[in-house]
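Below are the chains, spelled out letter by letter.
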Amino acid sequence: MKTHMNLTINGAAREVDVEHRRLLVHTLRDTFHLTGAHIGCDTSQCGACTVLLDGKTVRSCTVLTVQAEGCEVRTMEGMDDDPVVRVLKKWFNELHGLQCGYCTPAMILAARALLLKNSDPSEHDVRASLHGNLCRCTGYQNIVDAVLASAKTLQQASLESVEEHAHD
Amino acid sequence: MTEVMDQRATRFIGQAIARREDKRLMSGRGKYTSDFRFDGMAYAVFVRSPFAHATIRSIATGEAAAAPGVVGVLTARDIEGKVGDIKPNWVINGAKVPSHPPLAVERVRYLGEPVAVVIAATLEQAVDAAELVMAEYDELPAVVDAEAALTEDAPLLHANVPANHIGVYRVKGGDHEAATKRADRLVKIRLVNQRLIPSPLEPRALCASHDATSDTLTFVVPTQVPHMSKRWLAEALRWPEHRIRIVAPDIGGGFGAKMHFYAEEILVAYASKHFACPVSWTETRSENCVATTHGRAHVEYVEAAVTLDGKVLGMKVRSFANLGAYLSNMGTGIPTVNTASYVTGNYQINSVDVEVNLVTTNTTPVDAYRGAGRPEAAYIIERAMDAVARELDIDPVELRRRNLVQPDQFPYAPHEAARGKWDSGDYEACLNRATDLIDYAGWRKRQIELRKQGRFIGIGVSCYIELVGMGMSVMLSRVGFDRGGWESAHIRVHSDGKVTLFSGSMPQGQGHATTFAQIVADVLQLPLDDVEVVQGDTDRVLAGHGTFNSRSVPVGGSAAFIAAQKISVKARLIAAHMLGATDETLLYSDGVFVHRDHGESSLPFAQVARMAYVASKLPPGCEPGLEERVFYEPTSMGAPNGCHAVVLEVDVETGSVEILDYVAVDDVGVLINPLLCHGQMQGGIAQGIGQALYEEARYDESGQLLTGSLLDYAFPKSEQIPRIRTSFLVSPAPGNPLGAKGIGEAGCVGAPPAVVSAVCDALKPFGIQHIDMPLTPPKIWRAIQDAGRSAT
Amino acid sequence: MIPYDFEYVRPTTVADAVALLSNHPDAKLLAGGHSLLPIMKLRLARPSMLIDITHVPELRRIEVNDDSVIIGAGLTHAELEADSRLQDSIPLFGKVAEVIADPAVRNRGTIGGSLVNADPSADWPAAMLALEAEMEIVGPTGSRRVPATNFFEGVMASAVQPEELLTRIIVPVLTESVCGYRKFRHPASGYAVAAAAVVLRYDGERCIDGRIGITGVADAAFNARAAETMLAAGFDGRPEQIREIAAVALDGVVALEDGFADSSYRLQLARTMVERALADALKNRTSNA
């Protein structure tokens, strides 16, 4: 059974005919060739399929495409210009927060969500917020360090911006 | 070291350089096998046996074949005579090899064994149609335990394997009978190295496209061994190798599970030609749990012969290795050669008596998983050392010290039957550094104080060793391998001076695009960005063996190093000729050749490269072109080693373990890129902690897998792995030009015994000597209850 | 990985949702979908129709009054976690929400979905019992209220009938109380192997009453009655008394067994969770004072 639906993907309005049972992750990957969301499990646990749905991180493998009718979806491919993502990418690279990269786009989206909610997370906060993003390669330490470093950079940047404006 | 190296101004080797491949991967622009699309691509779904052991009464495919969108359905009958069986590649002497058809013929022997494959236009249609395949089975009794499988009344799996006994492997070195007689005590333990599911985050996937015009198959497969995959596929399909192009793209982790030849590869490749359409297949995680190889799965009975002053005179091991229902690629060698060789560990133990029984059972086939035999060996010797320390009431660190191989003993062979020698190192320095960093003495004091407060702290230490970087082709053949041990490096300098390295190694996250570029750029003294690394495409990399056994840097890296040196030699010849210099008067630094006596005459590397192709002023006898191909045959294997120390607290009310500090001091030889080396250790240690505390693949008696998804198989998460303090002691490997020993698996080898040691140390007041892995909270709590007494 | 096919509808009122349920006995309600879709993907469930109720505004309101909080069943765990008025009024909500699964799951999963699903290892049931919540259920014949103590009937079985919809959860606000939630997570699934939600009511310095909701241990979440009786008889917070209360909390309970934990371990774990939740609650009191 199919439905014709509309949604926004990475800022572009899209229309698609989908079976009701078609998972959002398959529509993104196979219909729209946005393969940055990865499939790592079949029990909604690994988090590798994380995308943003109306600004919130969700497991795209556990959302039906039809549930995204009228919604805004953002995948990692559409986050190149996001300032928080930029900082995270810098630190993930400098601190070696990825090896095979399969968990990474999702991990960065999850980390971004944390930093938007909590600008000064503790290590405990970081680990707690990322425990739905599985990684087999890194042992998590460099990921945690990259997120903590990103938090500092973002705090510094916002302090500087406040100072700048203070002199206006 | 050559002249060229001494004049280097540029140094990349040893630099902690951030990876060049990250940008693409972080942005979601990695290309993994499931990301590939071909026009008209169809989807494959496998039908698998729901039973561990059964005869197949019938398989009816008519309804499935008629279902919407279905391109075709294949069973064993459909491919009979058209494809070959799956053959193991490492078969130790005397091992029986049962036949292993890609789709079950008459009998299924493990839960998840493929019996049919459905190809349909969409994934949804393929999944729907797969349910319509009607297979009828007559269930047979199953056996899942290796020791039980050898007993008289155990069900037999294969006609040519009496008593389910695939084979036996024995190593006797020194004189163990004499050692036993001389010993004051014989310390005995029974160990289980539990079955694990390697669980790379990317499940296995395939994408096959057969081009009818050229009769060529393009086969996208996340393989650690692209050229081996090509060979095996060619053999099974009876196609010439040169008509198969293997493309190994970005791979989401391998860990040993992606270096074998699987049934799905034969079927998907065959289907793409037979049905004349590209075919894509991706396993689900639940499928991965049954259809992709497992790891470890040994039971060992260990006996250490010791003197009262703590000298270990000999090790006796009787091991039962569960290989699963069929022989996987390297299955027979892991529990035998790869384990038995290391049961004396880092110690001067000169006699061994090892017997390993290889057994087939109704379970998923078992093969290499990060460490492949060495974690099992380190566990044997380190748990034995702890047991000896308890028995003799000697501090476990002190006991180790009394037995360690000393720095002046290298190259060291534990006994005359040893397969290789430990090349270099200072094991005591590693032990001292680790115990210092963790503050062993301080924690011993704190441990006593905290016990008075009812808190149970444990301190564990493990030393480990392994030989990696296989290896000498002749030696591999001798132990039963049907593959060589060299690695290839082909360097092409383009006429604009840029360089491409085509390497036979194959990363699944190790960072070769950066590390190998560092090696080549270092030798050639070029900017890193001028060096490109190409791997994984057998049309572009013409030969190789791939990445496993921590061999990429020692073997693949050495090949690249030597190839770069050869390029350098030829470039010098051309440059000298162009500048009118001699070898003595030609200087090279940072990409520029200079005549020592005519400083104003300089020649950038790019110009020399151009001349190699324009060829108007080449020295006599010098062929045009600037490329070199090296097949590097290792002369020995390297011996990474180290000491890991762990401090943890056991919550005796819940059985939970909290690791308070983890220190690793590892000697992996020269570090090409320290940033990546720390990452490899952290990742390996995390997997080792996973084995020690969380992971186990469990079957019930009927052969049903109880841990068939991530709901039950405890893949460690961010809150379950502690901070790990990694550090390195460097003793260069004498056996290769880079001085690198190999690093990829070491963490997995050293971690489990260290963690188990610490937990048992914490529970010593309860009289607990040992608990089998994984040390889950209920197991720890149960051990405390069963110990029957309260903490003294 | 791929569910069976189904019809998909999206009502915008409770009445429409109820009508759809009546007309389609094989239909299932879809809210966050993080219990339903996973089992559909494994092909263990085959509803003919999914009724998506995430666009029914009545289900997504929250009213914070002085004496009670009324929570729409369609609110997500994340929304409850982030609602500061709710946290101020009933802090137990925050303590529980933050240990449910992970942030991405919390962005979709709803409190209503969790309660109706009645997984024996889910978190909200324990909290609802400890808070003496009431569930408002709407069906073809009208609406009714069921106290939490009668709501959780068994494994995956709640008081909500097939043609009914859980619409709101009514939670009384206690003027002087402290709370705690301790959960021992299954290392693989993250579900509660045993968890205890504790609410202690005070009158000045005296603890006069308490409720202890336990999940993960039995077929359904339950109140630890014997322990609650002890609390009502006078609780001074001494460690020995905490231990005594915890010791009786699981009396008479038949515990679940699985591949990870047998019943004796589970019971012992539950006792420990009760102890630690009580200690946490007391700590909150001293920090509030």
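Sequence order sets the numbering: in each chain, residues are counted from 1 along the sequence as written. All chains are assigned letters beginning at A, and all ligands numbers beginning at 1, according to the order in which they are written. Under the rules for a predicted model, residues below a pLDDT of 70 receive no local features and side-chain atom pairs below 80 are neither given nor counted, while totals for whole chains, interfaces and linings still include all residues. For the side-chain quantities, the full set of heavy atoms in the structure was used; hydrogens and water were omitted.

Let's shift gears to the overall build of chain A. Numbering of helices and strands runs from the N terminus; a helix is a DSSP stretch of H or I covering at least four residues, while a strand is a stretch of E covering at least two. Secondary structure summary: chain A contains five helices and five strands in total. Each radius of gyration is computed over the set of C-alpha atoms, and the globule rule expresses the reference value as 2.2 Å times the number of residues to the power 0.38. A compact globule built from 168 residues would reach a C-alpha radius of gyration of about 15 Å, and chain A, at 17 Å, matches this within 12%. Seen through its C-alpha atoms, chain A measures out along the principal axes to roughly 55 × 45 × 20 Å. Within the span of chain A, comprising 168 residues, buried residues form 65% of the whole. Relative accessibility decides the category of a residue: with a 1.4 Å probe and only protein chains considered, values under 20% of the type maximum give buried, values over 50% give exposed, and everything between is partly exposed.

What follows covers empty space enclosed by the protein. Residues and elements named next belong to chain B. Grid points spaced at 1 Å and placed over the protein atoms alone form the basis of the search, with a cavity being a set where a 1.4 Å probe fits but cannot get out and a pocket an open set showing protein on both sides within 12 Å along at least five of seven lines. Lining residues have an atom within 4 Å of a point. Grid points are joined across faces, edges and corners, and a volume is the space filled by probe spheres set on the points. Scanning the model with the defined rule gives 12 cavities of 30 Å³ or more in all. By volume, the largest cavity is sized at about 580 Å³. What lines the largest cavity is a set of 42 residues, and nearest its centre among them are Q510, S550, Q680, I743 and G744. Taken together, the elements giving at least two residues each to the lining of the largest cavity come down to α17 (512-524), α18 (552-579) and α20 (674-694). Under the scheme applied, nonpolar residues are Ala, Val, Leu, Ile, Met, Phe, Trp, Tyr, Cys and Pro; charged residues are Asp, Glu, Lys and Arg; polar residues are all the others, including Gly. Looking at side-chain class alone, the lining of the largest cavity contains 19 nonpolar, 19 polar and four charged residues. When its volume is computed, the second largest cavity comes out at roughly 170 Å³. Every residue lining the second largest cavity is counted, 18 residues in all, and those nearest its centre are H100, F261, Y262, T293 and P365.

Tracing the sequence through the fold places L501 of chain B in strand β18 (residues 499-503). For this analysis, residues touch if any pair of their heavy atoms sits within 4.5 Å. In this structure, L501 of chain B is in contact with A489, H490, I491, F516, V520, E532, V533, V534 and A560 of chain B, ignoring residues within four places of it in sequence.

In this structure, the second largest pocket encloses a volume near 1500 Å³. D42 of chain A, T284, S286 and E287 of chain B together with M1 of chain C are, among the 45 residues lining the second largest pocket, the residues nearest its centre. Elements that contribute at least two residues to the lining of the second largest pocket include exactly α1 (24-31) of chain A together with β1 (42-48), α5 (123-130), β12 (279-282) and α10 (285-291) of chain B. Among the elements that take part in the lining of the second largest pocket, β1 of chain B stands out by supplying six residues, more than any other.

Before going further, it helps to examine the interface of chain A and chain B. Chain A puts 52 residues into the contact, and the matching count from chain B is 56 residues. Notably, a salt bridge pairs E123 of chain A with R723 of chain B, separated by 2.8 Å at the nearest N-O pair. Polar contacts here mean pairs of N or O atoms no more than 3.5 Å apart (in protein, one a potential hydrogen donor and the other a potential acceptor; neighbouring residues in sequence count only if both atoms are side-chain atoms). Joining chain A to chain B, the criterion identifies 34 residue pairs in polar contact (both at pLDDT 80 or more). Secondary-structure elements contributing two or more residues to the side of chain A that touches chain B are α1, α2 (83-94), α3 (104-117), α4 (123-129) and α5 (141-166) of chain A. The residue makeup of the side of chain A that touches chain B, split by class, is 20 nonpolar, 18 polar and 14 charged. For this analysis, a salt bridge means a side-chain nitrogen from Lys or Arg found within 4 Å of a carboxyl oxygen belonging to Asp or Glu.

All names here are of chain B. Following both chains from N to C, one finds helix α13 (residues 396-403) and helix α14 (residues 427-438) inclined at 165°, their axes separated by 10 Å at the closest point. Classed by the angle they form, the pair α13 and α14 counts as roughly antiparallel. Seen from above, α13 lies across α14 with left-handed handedness. For the pair α13 and α14, the contacting residues are V397, R400 and R401 in the first and E428, L431, N432 and T435 in the second. Among the residues making up the contact of α13 with α14, the classes are represented as two nonpolar, two polar and three charged. Orientation is described by axes fitted as lines to C-alpha atoms, over the contacting stretch for helices, and by angles from 0 to 180 degrees between their N-to-C directions. Working rule for angles: under 35 degrees goes down as roughly parallel, over 145 as roughly antiparallel, 65 to 115 as roughly perpendicular, anything else as oblique. What makes a crossing left-handed is the near helix being turned counterclockwise from the far one by less than a right angle; a clockwise turn instead makes it right-handed.

All names here are of chain B. Any two strands with at least two DSSP-identified bridges between them are counted as paired. A sheet is described by the order of its strands in space; here four strands give the open sequence β16-β24-β25-β26, paired in mixed fashion. Here the strands that pair on one side only, and so sit at the sheet edges, are β16 (456-465) and β26 (725-728). Strand-to-strand, the axes of this sheet are offset by a mean angle of 15°, without reference to chain direction. Inspection of the sheet shows strand β25 (residues 656-667) paired to β26 by four bridges, in the parallel sense. If you follow V663 over to β26, its bridge partner there is R725. Along the sheet, helix α21 (residues 746-762) makes contact with β16, β24 (641-651) and β25, crossing β16 at roughly 150°.

Listed as buried for helix α10 (residues 239-249) of chain C are Q241, I242, I245, A246 and A249 of chain C. Within α10 of chain C, the buried residues cover an arc of 135° as seen down the axis, which keeps them to one side. Note that the arc is computed from the directions linking the helix axis to the C-beta atoms.

Aromatic rings from Phe, Tyr and Trp, with only the six-membered ring used for Trp, were paired whenever their centres fell within 6.5 Å, and each pair was classed as stacked if the ring planes differed by under 30 degrees, edge-to-face if by over 60, and tilted otherwise. Across all of its chains, the model carries 15 aromatic pairs over all chains by this definition. On the numbers, 5.4 Å between centres and 80° between planes, the contact of F410 of chain B with Y427 of chain B is edge-to-face. Of this pair, F410 of chain B sits in the loop between α13 and α14 while Y427 of chain B sits in helix α14, and the two are 17 residues apart along the sequence. In this structure, F410 of chain B and Y427 of chain B share a single accessibility class: buried. The criterion is that NZ of a Lys, or CZ of an Arg, lies within 6 Å of the ring centre and within 35 degrees of the ring normal, and then a charge sits over that ring. The aromatic ring of W91 of chain A is capped on one face by K90 of chain A, whose charged end is 4.7 Å from the ring centroid. Above the face of the F548 of chain B ring, R483 of chain B is positioned so that its terminal group lies 5.1 Å from the ring centre.

Taken together, the 25 residues of chain B in the interface contact 22 residues of chain C. Surface buried jointly by chain B and chain C totals about 1800 Å² across both partners, of which 56% is contributed by carbon and sulfur atoms. Taken together, the links from chain B to chain C amount to 13 residue pairs in polar contact (both at pLDDT 80 or more). Every element with two or more residues in the side of chain B that touches chain C is listed here: α5 and α22 (777-787) of chain B. Broken down by class, the residue content of the side of chain B that touches chain C amounts to 10 nonpolar, six polar and nine charged. When two parts are brought into contact, each loses some accessible area as probed by a 1.4 Å sphere; the total of that loss over both is the buried area.

All names here are of chain B. With five of five residues buried, β18 lies mostly within the body of the structure. Neither face of β18 is left uncovered, since the one carrying V499, L501 and S503 and the one carrying T500 and F502 both have all their residues buried. Sheet topology note: the β18/strand β19 (residues 531-535) ladder contains five bridges and is parallel. Bridged to L501 within β19 is V533.

Our focus in this paragraph is the domain arrangement of chain A. Residues and elements named next belong to chain A. Along its sequence, chain A is organised into domain 1 (2-78) and domain 2 (83-166). Note that the domain bounds were set by an automatic or database domain assignment. The distance between the C-alpha centroids of domain 1 and domain 2 comes to 23 Å. Contact with domain 1, which involves 14 residues of that partner, is made by 14 residues of domain 2. Buried area between domain 1 and domain 2, summed over both chains or domains, comes out near 1100 Å², and the portion from carbon and sulfur atoms is 67%. Counting the contacts that link domain 1 with domain 2 gives zero salt bridges. On the surface where domain 1 and domain 2 come into contact, there are five residue pairs in polar contact (both at pLDDT 80 or more). Among the elements of the structure, β3 (50-53) and β4 (56-59) are those that each provide at least two residues to the side of domain 1 that touches domain 2. Sorting elements by how many residues they give to the side of domain 1 that touches domain 2 places β3 first, with three residues. Partitioning the side of domain 1 that touches domain 2 into residue classes produces six nonpolar, seven polar and one charged.

When two helices pack together, you describe them by how their axes are tilted relative to each other and by the distance separating the axes. Residues and elements named next belong to chain C. Here helix α9 (residues 225-232) crosses α10 at 150°, and the two axes come no closer than 7 Å. Classified by the angle their axes make, α9 and α10 are roughly antiparallel. Note that α9 runs across α10; the crossing there is right-handed. Contact with α9, carried on its side by A226, A227, M230 and L231, involves E244, I245, V248 and A249 of α10 and no other residues of that element.

All names here are of chain B. The mixed open sheet is built from seven strands, whose spatial order is β3-β5-β1-β12-β9-β10-β11. Of all the strands in the sheet, the pair left with one neighbour each is β3 (70-75) and β11 (244-247). Averaged over neighbouring strand pairs, the angle between their axes works out to 20° when direction is ignored. Across five bridges, the pairing between β3 and strand β5 (residues 114-120) is antiparallel. Looking across to β5, one finds that T75 is bridged to A116. Running at roughly 25° to β1, α5 makes contact with β1, β3 and β5 of the sheet.

This next bit is on the confidence of the model for chain B. Residues and elements named next belong to chain B. On a range of 0 to 100, pLDDT expresses the predictor's confidence in each residue. When pLDDT is averaged along chain B, the result is 96, and 98% of the positions lie at 70 or above. Across residues 1-8, confidence stays below pLDDT 50; counting only partners more than four residues off in sequence or on other chains, it has 18 contacts. Model confidence for the complex: the whole-complex pTM is 0.97, and ipTM, which rates the interface, is 0.97.

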